[in-house]
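Below, each chain spelled out in residue letters.
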Protein chains: 2
Amino acid sequence: MIRLAVDAMGGDHAPEAMVAGAELARDQHQDLEILLFGDEQQLQAQLKDSTRIKIKPTTEMITMEDEPVRAVKGKRDSSIVQAALAVKNGAADALVSAGSTGALMVVGLLMIGRIKGIDRPGLTVTMPVIDNEIGFTMIDAGANADAKLDNIRQYATLGTFYAENVRKVKHPRVGLINNGSEADKGDIAHQKMHDMLVQMGENGEINFIGNIESRYLLNGVADVVVTDGFSGNVALKATEGSALAVINMLKTGIKTSGLRGKLGALLLKRPLQAIAKKMDYTRYGGAVLLGLQSPVIKGHGNSTAKMFKNCLDHAYEIASSGYTEAVKEYLLKSAVTKQATEK
Amino acid sequence: MIRLAVDAMGGDHAPEAMVAGAELARDQHQDLEILLFGDEQQLQAQLKDSTRIKIKPTTEMITMEDEPVRAVKGKRDSSIVQAALAVKNGAADALVSAGSTGALMVVGLLMIGRIKGIDRPGLTVTMPVIDNEIGFTMIDAGANADAKLDNIRQYATLGTFYAENVRKVKHPRVGLINNGSEADKGDIAHQKMHDMLVQMGENGEINFIGNIESRYLLNGVADVVVTDGFSGNVALKATEGSALAVINMLKTGIKTSGLRGKLGALLLKRPLQAIAKKMDYTRYGGAVLLGLQSPVIKGHGNSTAKMFKNCLDHAYEIASSGYTEAVKEYLLKSAVTKQATEK
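Residues numbered from 1 in each chain as written. Chains lettered and ligands numbered in written order. Predicted model: local features only at pLDDT ≥ 70, side-chain atom pairs only at ≥ 80, totals over all residues. Heavy atoms only, no water.

### Some words on the layout of surface pockets
Move 1: As a volume, the second largest pocket reaches approximately 1800 Å³.
Move 2: Considering the residues around the second largest pocket, the lining is formed by 50 residues, among which Thr-101, Leu-123, Asn-233 and Lys-237 of chain A together with Lys-185 of chain B are closest to the centre.
Move 3: Taken together, the elements giving at least two residues each to the lining of the second largest pocket come down to helix H3 (68–74), helix H5 (101–112), strand S5 (122–129), helix H8 (229–255) and helix H11 (305–321) of chain A together with helix H7 (188–202) of chain B.
Move 4: The dominant element in the lining of the second largest pocket, judged by the number of residues it contributes, is H5 of chain A, at 5 residues.
Move 5: Here the residues of the lining of the second largest pocket are counted per class, giving 19 nonpolar, 18 polar and 13 charged. (1 Å grid on protein atoms, 1.4 Å probe; cavity = no way out; pocket = protein on both sides within 12 Å on 5 of 7 lines; lining within 4 Å. Points joined across faces, edges and corners; volume = space filled by probe spheres on them. Helix = DSSP H or I, 4+ residues; strand = E, 2+ residues; numbered from the N terminus. Nonpolar A, V, L, I, M, F, W, Y, C, P; charged D, E, K, R; others polar.)

What follows is the structure in structure tokens.
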């Protein structure tokens, strides 16, 4: 049985969308049990069928306006803190929230804790690729703006294990976002990252294919895109925003073309729907904080029931994939090897 | 009379496209004179009408494979070096090339030289904005990957003058690309950049509107987008690549939908053309290296005659706008004020 701890009070459409999403996920997976943390009365009112769904009453809420560290320390009976404690205490296998990203990172770090050998968790998102259904995975998408060389090394390892175990990509191609594909491109920091990743590739730790340009992300130039949290965030938002801008121009163009527009859109229904479906990356089920003792999944703030269900599916997949155990074992072995080599 | 020095041998379609582009620009501007640097025989063969176009024979060429510094020093009789020398010696007002970006930066720095008060020139590009025709201007798009605080200060000034004088934007809104709009976002370097730009705004030097996210670039969130060359390059390429990926998906979808697709595309001809036109940023006429003693314009490597004509128009506009003189005067005054304050 996979057990998910769910912050049912986080998100613009909480708790309705969270409860409805939980029911959808429960219906799909026979071995899934969900703990819903939040206001008892509200959750009771929303929950239609309590099969494998337990309500865990909490009395406080952390909002987007709260300063994360202070809120986590001050609001012990908030839904997100109690859900995190359930994971910490072994009552649940993974944590899911569509609330404050800051608060989720804090409970992840302070309560669930890092895997030994990981200094900073990386925010990991999967985005679409035009020609395949697997998409590409980016780590770090913005958890750690001041990334150091060791963080990048760890992201490359975490991303590779995630791609292999969860997304089922064999021998995933790892690329580094840089200002050009040549080895000497970028600022000094990224030149060093490149050289270190080359070394990891030569050691057989990862399948490093070299520097990649943000221009080719949607073309699937790599399976795992390693990046510092600053430029990763810039690349991700530019990629999302630019695709959306073009799609919106098209929608507006169709709307303002009257009957011709309506008829044209009808004839092009199939390709237009294919684009909308392709660019809807909410199907990948939110972002994961990789590098923690248990999976922590962040849903989009505006998650609908269906979007939140995708996040729960995602948490279920990671928890049942053996990903975390595989990473832990690998890092332990590396540490032992390193110690042995150094002696 | 505005005189442009043109490297007619740089670019995938050189020299044909360069010569044809020069003739188009000459026909449009009555007070424009063009000096075409390159292989005499080839240029003679391409040039149809020599009115206000002079061929300046050179015997060497710098290719994309050449190491820029060595090539510029070794190939003195190359078209790009001789064109740069013409600008340096006052025989021309601006330099235009679609050849090696590296070589162009080297001749810009070593031959044309920086404006006093500018440490590093910034590569400046103008990109489309969905709802207006002016677009936005980004500096630095990748000339200087390891930007320091002083570089960012200078980019804010150069970008503001360029927007005002060349792109005719009154009181241009300056934004800094960061991981969120709040003041404390980003890595330490970008937090410092933000605070410095706030100070410049308070001093009345620029109209700083704060941090902006790469997600909203095409929505026109700022007129001048200031950024370090590393993340600027990442943002620019992601924005271009993502828009192109969606447009290509649409094209493929239409093509593979047979007769329905053809008819649908015909009915949606107007909005589809509008999108294609909007996203065709080659109309902004290439990138400018801002901060040099004379305008230096870099055309895209695959420039056609029409694209290269846009670059020449752009060079003509900058040279006739009084931009460089205004920046020089401003920086001179600032230096004098600074000295006086320090005494």
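Still more to cover.
### Quick notes on the environment of Lys-237 of chain B
Move 1: Summarising the element assignment, Lys-237 of chain B is placed in helix H8 (residues 229–255).
Move 2: Residue Lys-237 of chain B is classed as buried on the basis of its relative accessible area of 9%.
Move 3: If sequence neighbours within four positions are ignored, Lys-237 of chain B has contacts with Asn-179, Gly-180, Glu-213, Ser-214 and Arg-215 of chain A.
Move 4: Here the side chain of Lys-237 of chain B touches Asn-179 of chain A through a polar contact of 2.6 Å, landing on its backbone oxygen. (Buried < 20%, exposed > 50% of the residue type's maximum accessible area, 1.4 Å probe, protein only. Contact = heavy atoms within 4.5 Å. Polar contact = N/O pair within 3.5 Å; in protein donor to acceptor, adjacent residues only side chain to side chain.)

### Looking at the domain arrangement of chain A
By a frequent convention, interface size equals the accessible area lost on bringing the separate parts together.
Residues and elements named next belong to chain A.
Move 1: Taken as a whole, chain A is organised into domain 1 (1–116 + 291–343) and domain 2 (119–289).
Move 2: In this structure, domain 1 and domain 2 have C-alpha centres spaced 24 Å apart.
Move 3: Contacts between the two partners involve 22 residues from domain 1, matched on the other side by 18 residues from domain 2.
Move 4: A buried area of about 2000 Å², summed over both sides, lies between domain 1 and domain 2, and 68% of it is on carbon and sulfur atoms.
Move 5: Of all residues in domain 1, the largest losses of buried area upon contact with domain 2 belong to His-314, Tyr-323 and Tyr-330, amounting jointly to 28% of the total for that side.
Move 6: For the pair domain 1 and domain 2, the interface holds 0 salt bridges. (Domains from an automatic or database assignment. Buried area = accessible area lost by both parts, 1.4 Å probe. Salt bridge = Lys/Arg side-chain N within 4 Å of Asp/Glu carboxyl O.)

### Topic: the pairing of strand S3 (residues 53–57) of chain B
All names here are of chain B.
Move 1: Summarising the sheet, strand S2 (residues 32–38) and S3 pair through 5 bridges and their orientation is parallel. Following the sheet pairing, Gly-38 is matched in S3 by Pro-57.
Move 2: For the crossover that starts at S2, traverses helix H2 (residues 40–46) and ends in the parallel S3, the hand is right-handed. (Pairing = 2+ DSSP bridges. Right-handed = clockwise from strand over helix to strand, strands pointing away.)

### A short note on the sheet that holds strand S7 (residues 173–177) of chain B
Residues and elements named next belong to chain B.
Move 1: Strand order in the open sheet formed by 11 strands is S3-S2-S1-S4-S11-S10-S5-S6-S9-S7-S8, and the pairing between neighbours is mixed. Both edges of this open sheet fall to S3 and strand S8 (207–212), since each of them pairs with a single strand only. Within this sheet the neighbouring strands show an average axis-to-axis angle of 25 degrees, counted without direction.
Move 2: Packing against the sheet, helix H1 (residues 16–28) makes contact with strand S1 (2–7), S2 and S3, and its axis sits at approximately 170 degrees to S2. (Axes fitted to C-alpha atoms, helices over the stretch in contact; angles between N-to-C directions.)

### Topic: the packing of aromatic side chains
All names here are of chain A.
Move 1: Under the definition given, this model contains 4 aromatic pairs over all chains.
Move 2: Consider the rings of Phe-161 and Tyr-330, whose centres lie 5.1 Å apart with planes at 55 degrees: the pair is tilted. In this pair, Phe-161 sits in helix H6 (residues 149–165) while Tyr-330 sits in helix H12 (residues 323–342), placing the two residues 169 residues apart along the sequence.
Move 3: A centroid spacing of 6.1 Å and a plane angle of 90 degrees characterise the contact between Tyr-162 and Tyr-323, whose relative ring orientation is edge-to-face. In this pair, Tyr-162 is assigned in helix H6 and Tyr-323 in helix H12, connecting sequence segments 161 residues apart. Like Tyr-162, the residue Tyr-323 is buried in the burial classification. (Phe/Tyr/Trp six-rings, centres within 6.5 Å; stacked < 30°, edge-to-face > 60°.)

### Considering unusual backbone geometry
Residues and elements named next belong to chain A.
Move 1: For the bond from Ala-14 to Pro-15, the omega torsion is -5 degrees, close enough to zero to count as cis.
Move 2: Its location among the elements puts Pro-15 in the loop between strand S1 (2–7) and helix H1 (16–28).
Move 3: In this chain, Ile-139 is followed by Asp-140 through a cis amide linkage whose omega measures 10 degrees.
Move 4: Mapping Asp-140 onto the fold places it in the loop between strand S6 (132–139) and H6.
Move 5: Despite not being glycine, Arg-52 shows a phi value in the positive range, around 55 degrees.
Move 6: Following the sequence through the fold, Arg-52 ends up in the loop between helix H2 (40–46) and strand S3 (53–57).

### Here's the deal with the interface of chain B and chain A
Move 1: Contacts between the two partners involve 50 residues from chain B and, on the opposite side, 50 residues from chain A.
Move 2: Surface buried jointly by chain B and chain A totals about 4200 Å² across both partners, of which 69% is contributed by carbon and sulfur atoms.
Move 3: Three residues stand out in chain B for area buried against chain A, namely Phe-230, Met-249 and Leu-267 of chain B, and they jointly supply 17% of the buried area on that side.
Move 4: For the pair chain B and chain A, the number of links is 4 salt bridges.
Move 5: Put simply, chain B and chain A have 16 residue pairs in polar contact (both at pLDDT 80 or more) between them.

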